[in-house]
Amino acid sequence: MMVQGVSINEMLNQSIQVLTKPGVETFERFERHGGQREATIYIMIAAAISAIAALVFGLLNGIVVALLNAALGFILAVAGFYIFVFLVYFIGKQQGGTGTQDEVFYTMSLFVAPIQAVTGAVSAIPLIGCLALPATLALGIYQIYLGYLGARSSMNLDQNKAIITLVLAFIAQLFIGFIIAAIFGVIFAAFGVSSGAIELN
C-alpha cells in the first residue's frame, strides 16, 4: 500500500529503525519522508488493528458493546494522537522550534503507530492483556523517551526545551481529555436520565 510516495512497508521499516536504534539522528533521517497525511493513515491503521482486536474479543460481552468499544477506541486513538502531536508542534514553536507540522506528525507516527497497534491488540485479549501489563507499561515509558527524541529531532529543540515541550503538551492533553470526558459524561448522564424517564412513562 502506497501513501503519497512512501509505502506502509517503508514506514514499518522506518519504525523498526526508530524503535531499535533510537536517537535524534535516526529520527532526522526519516522526518522528511512523509507528512501529516501519511502519519494520519499510519495511525488509523494502528488504531484499526486495536479496534478489530477489541471487537473480536469483545464479542464475548455482546455485539453492541463490542462495536461501541471498538469504535470509541479507534476514535480516541486517532484524536489523542492528533491532539498530542499538534500540542508538541504548537508548544515547540513557542520554544523556538523550527520544524514543520508535517515533520512532527510523521516523526511521531513512526513510533506511536506500532506501539499503539501492539499494546491495543494485546490488551484486548482476555487474561493475556492483564499478564502483559508490565510489558505495556515498559512500552509506555519507552514511548515517552521516543517522544523526547522525536520532539528534539522534528522541532530542532535542545534537551531542555524538548523536555519542557513534552511536559506542557502532556499536561495540556490531560486537561483537554478531562474536558472531553466531562462533556461525554454529561451527555451519557442526560441520556440515562431521559431513558429512565421514558421507561417510567
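A quick note: this is a predicted structure, and the numbers were derived from the prediction, not measured.

**Let's talk about the overall build of the protein**
Okay, so step 1: Across its full length, the protein holds eight helices and two strands.
Okay, so step 2: Counting from the amino terminus, helix and strand elements in the protein follow one another as β-β-α-α-α-α-α-α-α-α.
Okay, so step 3: Expressed as a percentage of the 201 residues in the protein, the buried residues total 38%.
Okay, so step 4: Taking contacts inside the protein between residues at least 6 apart in sequence as the whole, the part at least 24 apart equals 76%.
Okay, so step 5: Roughly 11100 Å² of accessible area belongs to the protein as shown, and the carbon and sulfur atoms make up 73% of that amount.

**So, helix α5 (residues 101-124)**
Okay, so step 1: Compared with the 34 Å implied by 1.5 Å per residue over 24 residues, the 32 Å span of α5 between its first and last C-alpha is a close match.
Okay, so step 2: Maximum bend of α5: about 40 degrees, positioned at S109.
Okay, so step 3: Counting buried residues along α5, 18 of its 24 residues qualify, which places the element largely inside the surrounding structure.

**Examining the environment of D158**
Okay, so step 1: Turning to its location among the elements, D158 is positioned in the loop between α7 (133-155) and α8 (159-200).
Okay, so step 2: Counting along the chain gives 61 residues from D158 to G97, while the straight-line C-alpha distance between them is 9.0 Å.
Okay, so step 3: Separated by 2.8 Å, the side chain of D158 and the backbone nitrogen of K161 make a polar contact.

**Re the confidence of the model for the protein**
Okay, so step 1: Overall, the prediction assigns the protein a mean pLDDT of 84, with 89% of residues at 70 or greater.
Okay, so step 2: Ranking the helices and strands of the protein by mean pLDDT puts helix α1 (residues 8-20) first, with 92, and strand β1 (residues 2-3) last, with 54.
Okay, so step 3: A low-confidence stretch, residues 193-201 stays under pLDDT 50, and its non-local contacts, those more than four residues away or across chains, total zero contacts.

Rules of the game
Residues numbered from 1 in each chain as written. Predicted model: local features only at pLDDT ≥ 70, side-chain atom pairs only at ≥ 80, totals over all residues. Heavy atoms only, no water. Helix = DSSP H or I, 4+ residues; strand = E, 2+ residues; numbered from the N terminus. Buried < 20%, exposed > 50% of the residue type's maximum accessible area, 1.4 Å probe, protein only. Contact = heavy atoms within 4.5 Å. Areas by Shrake-Rupley, 256 points an atom, 1.4 Å probe, with all protein chains shown as cover. Expected span 1.5 Å × (residues − 1). Bend = angle between axes of the 7 residues up to and from the residue. Polar contact = N/O pair within 3.5 Å; in protein donor to acceptor, adjacent residues only side chain to side chain. pLDDT = per-residue confidence, 0-100.

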